[in-house]
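This is what each chain is made of:
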Protein chains: 4
Amino acid sequence: MENSFGKLFTITSFGESHGRCVGVTIDGCPAGLPLNEEDIQREVNKRKPTSPIATTRAEEEKVEILSGIFNGHTTGAPICLLIWNKDIDSSEYEKKRFLPRPGHADYTAFIKYGGFNDFRGGGRFSGRITATFVMAGAVAKKLLNLIGIEVLAHTIEIGGIKAKPKGLDEIRGNVEKNPLKCADPDAAKEMLQVVEKAREEGDSIGGMIEGTALNMPVGLGEPVFDTLEGDLAKALFAIPAVKGVEFGSGFSAAGKRGSENNDPFTIKNGKVVTVTNNAGGILGGISNGMPIVVRAAIKPTPSIARSQETVDMKKMQSASLEVKGRHDTCIVPRAVPAVEAMIAITLCDFAMRAGLIPEVTK
Amino acid sequence: MENSFGKLFTITSFGESHGRCVGVTIDGCPAGLPLNEEDIQREVNKRKPTSPIATTRAEEEKVEILSGIFNGHTTGAPICLLIWNKDIDSSEYEKKRFLPRPGHADYTAFIKYGGFNDFRGGGRFSGRITATFVMAGAVAKKLLNLIGIEVLAHTIEIGGIKAKPKGLDEIRGNVEKNPLKCADPDAAKEMLQVVEKAREEGDSIGGMIEGTALNMPVGLGEPVFDTLEGDLAKALFAIPAVKGVEFGSGFSAAGKRGSENNDPFTIKNGKVVTVTNNAGGILGGISNGMPIVVRAAIKPTPSIARSQETVDMKKMQSASLEVKGRHDTCIVPRAVPAVEAMIAITLCDFAMRAGLIPEVTK
Amino acid sequence: MENSFGKLFTITSFGESHGRCVGVTIDGCPAGLPLNEEDIQREVNKRKPTSPIATTRAEEEKVEILSGIFNGHTTGAPICLLIWNKDIDSSEYEKKRFLPRPGHADYTAFIKYGGFNDFRGGGRFSGRITATFVMAGAVAKKLLNLIGIEVLAHTIEIGGIKAKPKGLDEIRGNVEKNPLKCADPDAAKEMLQVVEKAREEGDSIGGMIEGTALNMPVGLGEPVFDTLEGDLAKALFAIPAVKGVEFGSGFSAAGKRGSENNDPFTIKNGKVVTVTNNAGGILGGISNGMPIVVRAAIKPTPSIARSQETVDMKKMQSASLEVKGRHDTCIVPRAVPAVEAMIAITLCDFAMRAGLIPEVTK
Amino acid sequence: MENSFGKLFTITSFGESHGRCVGVTIDGCPAGLPLNEEDIQREVNKRKPTSPIATTRAEEEKVEILSGIFNGHTTGAPICLLIWNKDIDSSEYEKKRFLPRPGHADYTAFIKYGGFNDFRGGGRFSGRITATFVMAGAVAKKLLNLIGIEVLAHTIEIGGIKAKPKGLDEIRGNVEKNPLKCADPDAAKEMLQVVEKAREEGDSIGGMIEGTALNMPVGLGEPVFDTLEGDLAKALFAIPAVKGVEFGSGFSAAGKRGSENNDPFTIKNGKVVTVTNNAGGILGGISNGMPIVVRAAIKPTPSIARSQETVDMKKMQSASLEVKGRHDTCIVPRAVPAVEAMIAITLCDFAMRAGLIPEVTK
């Protein structure tokens, strides 16, 4: 396993879905940043399940700071952030431990870790692990704020319903107003119906999230291997259920001509900008100062109530599986804060690598 | 810059498009692997430009082994592989050094490196740098061969023309038979026409490449951060012009139900397999034994003959640019060996991390 | 700050001397290793201060496992180990926060972290941080045990009193029997007197620790940069107060001839061994199968009761300082478990890199 | 093998003693630094063997820059530096390939790499590999020069003859004036006699090197694991024959009292300094602004003309070995530039981590 990410701003995630806690340490955070539990809690609260999209299981997620803060400021030492898990009934998982859910990591984890993996609630492969990303992302966002970078994520598609493109003010204003975290209120209503229908049919449904970073400096990214696209993509694929990542015109660029897809340069207010942003703010793996635009495809969550074909790994024979208990019909909205967090963490690391955030912030 | 990739099988790329050479060192290759220049040359030759798709400039790319091989075998020491550049006329680049090509890294490199970057031929941002990936990939492929893994890549779309899905034998047999590196000969003909048309119009055209890895063991991938998807994506985004990466059902999963997208498990010849492969061979960031299926979107190359709007970075005023000289109309086919190489390098690293390739091979 | 160590067996230390806790996460530990809190507690207890050598402050150090263990075995997931700090009076530190102790990190930490560092009890620079090393070392030792490697450390010199060389059985048997952790009981008595005297005079005293690793396989170490010596030395210098590290004949080799210092090879029980062990078990940065022998010089702890010259960093003027409170007169014995731990952690990482410890242990 | 060192200023060494070349790539060097082959050659020339200390084999070491420099400045791209090896007679090594030299890496390399290692001239374990360190060190020294840091190394002991402590001007002035690279001309003469005697007796002789870094800023070092001592020690142990490393009062601190060993703080010219420098310029793993003082113990080179006991690894029986050919009687002076280089490389990396050297230098 490799549970650390970032070269200078390095996070290390630990904990399991049904273990004692989930937590994260952040190493490399500059000293002098004002930081308290409320700063982290605010971001973590965005993960709260909202009926009827997600499980109504009330996971209270109270953040504790274990280290790295003194007199209300970061100290330069590693920051450990923790959420204790509440007592959770894992009996359903015990019963089905040899029946891997199709589409889930149950099978690969069982084989890779010789059956020793903590399978309860998906263990390390649970969406709950993204709470550790969100905690670290809260710190990254505060650091990015020092240099003016703002990171936003929102749902742009669920179950085939696409949101209309919206301006920044609408994104900022609407995302937390509907349970879909969608900036387009009309699309959100339709999405809700689609989700509701899937839920009634014991099924789940996928979607798409768009992330944006604004006020980007020119020069973030360290090619040829640590490109901005490459590290952002890697960061996003750490979120369970992400199966595709694209930047700017992305997959649609495959069908375009250079004359359409190239973004002409021009000068605006004394600065070089591009007229369009098909590049999604990245040229040659380096930020060009335009907004970063990245989209992540989220597959439908594998845990569904419908009967599915699987195998009994102990008896090595076919079996059928019905997943019981409360499961999210659509995890897309709850992945939105994780997308935001992973973008922030990645940009923060690159900003530090480019020397934009000093060892001590004032 | 970060020009190294891989944790145990680590490659370090160096060199520039119009500098003295392009090269790569490979650190961590086990001792005892038979390896000669022909093994590398064979892969590098797949990058040869083929008329009329690409530039007819005859870049002779002769591979030399500088270190790490003794008596025809790897020694455990770092392997340095090099291709000397031929004398190339860079005068066109000198003339236009302050006129960044829209869609190209010219602008971001100029700003990031304070104007000191070697801009000739794109320098480090040239497609030519992928020759270093292909050289390292040749070694990775030989190592993967020891454990039975085969990596294949082929063009599946160019300029909106999609190839029909083909079987493995057709992919293996057809890819090197047409200049498009497309397994579907009929589609290849159509693609050729589209490319021809774009060329005549002084334009360029994008496409899509699919990579596959066969005979995969279960268990490659080191989540939560070094997922198989994440590291493959990062590897592929190092190839200039890649703007999107997806696995299995990828972006189409966003519109699917769980009951459609989940791959049911079953038993075949005493082994657990999945009936479908929407997961692209990866569950929870770990290989599940099914073929890896990954697709990369390639944007149209930015260098086009048509006049484009840009800025003069010295005078800080608008300017227009016509890129002269021979440029590839469609770089997709030449990116195919690079995709294959980056997949092989990534899988090789994960195979070593999983202990499947020993320090000394016999 | 960089609070992670190890490439495949990676530990990340966090926490402060007077903060809420000290803790460590271990990433890369194979699944299937039986592990409980008692395994860790046993090692941590070796750090207990023993009168009259050390402070009599009763730091109760109770280990808790927060993650990575399920049904009494490691799961392959990161293991988080924690010790909660008890309420400690930090008022003395508050009073003297602008008066750096000579020989201590107070000054460098103040400057590097802009005065935001948690100075109470030395913060991250306290010997207490080595409790995190010892916790991780307990896991490393269990893993090394699987391949037969045993790590031992003991005090060989304090305040000029040198212990006589002792056999392994005496080392194993005597070290925990005296408060000096010295294998030579006679020397231990003398050392005790020297320590007692220094204590009475309000002073502190240094010493030397020897670490040994037995039943070493041939082949651990990854030169040219990750040599066994290099990484062991780096590991040991993480222990506060270590100012020198040597292997085998070490510094005395500087005065020797090759004919004296070379260890002749011979065959014993069908195995190649060396007649002497001036190399300390390492040739070319790689273990040669003989016992690893490494020695660390420990400077006298800087916190002494005697008046010392320092500066007032706020007023920028000279000042005098008398360190109050209970401080160890000699930290050497309490550093012994830390030396043992850091050797074990380093060897464990190299054993994993050499493929000697699989992903799943049985 | 791990042939890369440094986190932000990363060098990757390759090549073998009797292979085609020895080389190094430097990744992370800022753009804009004036650099030409002469800058590198000057440092490499310091490695020249000088009669009668070392082999009179005239190894011409001509440096070539393969990449990373454009118009006389660094570009931000990886810099590849190379020295081609001349044709060398390796027949003696072929004859004795199964007879490992006592004290040499012959044995461990043979076992670790399954006999596939390039044993000719010691391959990767030759002192010749330090030429790659010296090349990279030349670049590091130029970067350190930008922030005023100067690195010096000199021989302080050979064969029991100790040099008298000398001032900086004498070190700067004398080191290149005698074949011992010793700042004390009188000691140098005595050392020469000792070396001469050892040579006549077919033996070799060890010694000690001291490295110093001047004009240090406060704050280099990233504890708890990447301490300045730890990384400097690791860097120095990469030099073949180094068996001990100490800082400031080092091993002598083991016998000292705190009141003797602590360096009192005082104010000088408005700056906080220490009255003594027992800490060797490092407190808590972080530079305190005083000169760095580090010493490395160099064992006598294992290749001696005298007959030695070894084993025939093929026949697995005892054998005797007389090493023929020209070998250095004392490698200490030739290790001096390597010590200087490794210190410079390490400090340069830490300076970049502390944000003291920007991405583009002017």
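Data block above holds the structure.
In this convention, every chain numbers its residues from 1, walking through the sequence in written order. The lettering of chains begins at A and the numbering of ligands begins at 1, in the order of writing. Local features are withheld for residues below a pLDDT of 70 in this predicted model, meaning they are given only at 70 or higher, and side-chain atom pairs are given and counted only at 80 or more; totals for whole chains, interfaces and linings count all residues. Heavy atoms from the whole structure form the basis of all side-chain values; hydrogens and water molecules are not counted.

Draft legend 1. Up close: the interface of chain B and chain C. Whether two residues are in contact is decided by their heavy atoms: any pair within 4.5 Å suffices. Facing the 5 residues of chain B at the interface are 5 residues of chain C. Buried area between chain B and chain C, summed over both chains or domains, comes out near 540 Å², and the portion from carbon and sulfur atoms is 46%. Whenever Lys or Arg places a side-chain nitrogen within 4 Å of a carboxyl oxygen from Asp or Glu, that contact is recorded as a salt bridge. Our enumeration of links across chain B and chain C arrives at 0 salt bridges. For the side of chain B that touches chain C, the class distribution of residues is 2 nonpolar, no polar and 3 charged. Buried area is calculated as the accessible area (1.4 Å probe) missing from two parts once they are joined, with the contributions of both summed. In this classification, the charged set is Asp, Glu, Lys and Arg, the nonpolar set is Ala, Val, Leu, Ile, Met, Phe, Trp, Tyr, Cys and Pro, and all remaining amino acids, among them Gly, are polar.

Draft legend 2. Summary view of the sheet that holds strand β2 (residues 10-15) of chain C. All names here are of chain C. A sheet is described by the order of its strands in space; here 5 strands give the open sequence β1-β2-β3-β7-β4, paired in antiparallel fashion. Looking along the sheet, the strands with just one partner apiece sit at the ends: β1 (4-5) and β4 (63-67). As judged from the 4 bridges shared by β4 and strand β7 (residues 79-84), these two strands associate in the antiparallel manner. Residue pairing across strands places Ile65 opposite Leu81, the latter belonging to β7. Relative to strand β3 (residues 21-27), helix α4 (residues 130-146) is tilted by about 35 degrees, and along the sheet it contacts β2, β3, β4 and β7. Two strands pair if DSSP finds at least two bridges between them. Note on conventions: DSSP H or I runs of at least 4 residues are helices, E runs of at least 2 residues are strands, and numbering of each starts at the N terminus. Interaxial angle, 0 to 180 degrees, is taken between N-to-C directions of lines fitted to C-alpha atoms, where a helix line uses only the stretch in contact.

Draft legend 3. Summary view of the pairing of strand β10 (residues 207-214) of chain D. Residues and elements named next belong to chain D. The cut-offs for exposure are 20% and 50% of the maximum accessible area for each residue type, with area from a 1.4 Å probe on protein chains only; residues under the lower value are buried, those over the upper are exposed, and the others partly exposed. Within β10, 8 of the 8 residues are buried, which leaves the element mostly enclosed by the surrounding structure. The alternating pattern of β10 places Gly207, Ile209, Gly211 and Ala213 and Met208, Glu210, Thr212 and Leu214 on opposite faces, both of which are buried. Bridge count for strand β8 (residues 150-158) against β10 is 8 bridges, and the pairing is antiparallel. Counted as the bridge partner of Glu157 is Met208 from β10. Sheet topology note: the β10/strand β16 (residues 292-298) ladder contains 7 bridges and is antiparallel. The residue of β16 that forms the bridge with Ala213 is Ile292.

Draft legend 4. Highlighting the packing of aromatic side chains. Two rings from Phe, Tyr or Trp (for Trp, the six-membered ring) form a pair when their centres are within 6.5 Å of each other. A pair whose planes differ by under 30 degrees is stacked, one over 60 is edge-to-face, and the rest are tilted. For the coordinates displayed, the defined rule picks out 28 aromatic pairs over all chains. Arranged with centres 5.3 Å apart and planes meeting at 85 degrees, the rings of Phe247 of chain A and Phe237 of chain B form a pair that is edge-to-face. Taken together, the residues Phe247 of chain A in strand β11 (residues 242-247) and Phe237 of chain B in helix α7 (residues 228-237) connect one chain to another. Side by side, Phe247 of chain A and Phe237 of chain B carry an identical accessibility label, which is buried. Where Phe225 of chain C meets Phe5 of chain D, the ring centres are 5.6 Å apart and the plane angle is 35 degrees; that geometry is what we call tilted.

Draft legend 5. Just the environment of Ala183 of chain C, in detail. Residues and elements named next belong to chain C. In this structure, Ala183 sits in the loop between α5 (168-174) and α6 (185-200). Once the C-alpha coordinates of Ala183 and Thr50 are considered, the two residues, 133 residues apart in sequence, prove to be 16 Å apart. The residues touching Ala183, leaving out its near neighbours within four places in the chain, are His154, Thr155, Lys166, Glu170, Ile171, Asn174 and Val175.

Draft legend 6. A look at the interface of chain A and chain B. Chain A puts 102 residues into the contact, and the matching count from chain B is 102 residues. Here chain A and chain B share an interface that buries about 7800 Å² over both sides, 61% of which is from carbon and sulfur atoms. Area buried by chain A at its contact with chain B is led by Phe225, Lys243 and Phe265 of chain A, which between them contribute 12% of it. In this structure, the connection of chain A to chain B is made through 16 salt bridges. Of the charged contacts, one joins Asp226 of chain B and Lys234 of chain A as a salt bridge, the two residues approaching to 2.7 Å between their closest N and O atoms. Within 3.5 Å is the distance limit for a polar contact, defined as a pair of N or O atoms, with the added protein rule that one can donate a hydrogen and the other accept it, and that residues adjacent in sequence qualify only through two side-chain atoms. For the pair chain A and chain B, the number of links is 53 residue pairs in polar contact (both at pLDDT 80 or more). Grouping the amino acids of the side of chain A that touches chain B by side-chain chemistry returns 45 nonpolar, 32 polar and 25 charged. Across 3 bridges, β11 of chain A lies against strand β11 (residues 242-247) of chain B in antiparallel orientation. Bridge pairing links Glu246 of chain A to Gly244 of chain B in β11 of chain B.

Draft legend 7. Representation of the packing of helix α4 (residues 130-146) of chain D against helix α9 (residues 332-353) of chain D within the structure. Residues and elements named next belong to chain D. It is at 7 Å that the axes of α4 and α9 come closest, and there the two elements cross at 50 degrees. Judged by the inter-axis angle, α4 sits oblique to α9. The handedness of the crossing between α4 and α9 comes out as left-handed. Facing α4, whose interface residues are Thr130, Phe133, Val134, Ala136, Gly137, Ala140, Lys141, Leu143 and Leu144, α9 presents Pro337, Ala338, Glu340, Ala341, Met342, Ala344, Ile345, Leu347 and Cys348. For the contact of α4 with α9, the residue count by class is 14 nonpolar, 2 polar and 2 charged. Should an angle fall under 35 degrees it is taken as roughly parallel, and over 145 as roughly antiparallel, whereas 65 to 115 is taken as roughly perpendicular and any remaining angle as oblique. Handedness of each helix crossing follows the sense of rotation of the near helix against the far helix: counterclockwise by less than a right angle gives left-handed, clockwise gives right-handed.

Draft legend 8. Broad picture of helix α7 (residues 228-237) of chain D. Burial within α7 of chain D is extensive, with 10 of its 10 residues counted as buried. Within α7 of chain D, the full set of buried residues consists of Leu228, Glu229, Gly230, Asp231, Leu232, Ala233, Lys234, Ala235, Leu236 and Phe237 of chain D.

Draft legend 9. Representation of helix α1 (residues 37-45) of chain D. All names here are of chain D. For α1, the complete set of buried residues consists of Asp39, Ile40, Gln41, Glu43 and Val44. Among the structural elements, β4 (63-67), β7 (79-84), α4 and α9 are those in contact with the buried residues of α1. For α1, the capping residue at the N-terminal end is Asn36, with a side-chain oxygen 3.0 Å from the backbone nitrogen of Glu38.

Draft legend 10. Broad picture of the relation of the copies chain A and chain B. Overlaid copies result from least-squares superposition on C-alpha atoms, with residues included only where pLDDT is at least 70 in both. Take chain A, turn it by 180 degrees, move it 0.0 Å along the axis, and it overlays chain B with an RMSD of 0.0 Å. These values place the two chain copies in the arrangement generated by a two-fold rotation axis. Most of the interface of chain A is mirrored in chain B: 100% of its interface residues are interface residues there too.

Draft legend 11. Broad picture of unusual backbone geometry. Following Pro223 of chain B, the chain continues into Val224 of chain B via a peptide bond in cis, with omega recorded as 10 degrees. Position of Val224 of chain B relative to the elements: it lies in the loop between β10 (207-214) and α7. Positive phi outside glycine occurs at Asn215 of chain B, with the angle close to 60 degrees. Although it is not a glycine, Asn71 of chain C sits at a positive phi angle of roughly 55 degrees.

Draft legend 12. Highlighting the relation of the copies chain B and chain C. Superposing chain B onto chain C takes a rotation of 180 degrees plus a shift of 0.0 Å along the axis, which leaves an RMSD of 0.0 Å. The fraction of interface residues of chain B whose copies in chain C are also interface residues reaches 100%, indicating that both copies meet through the same surface.

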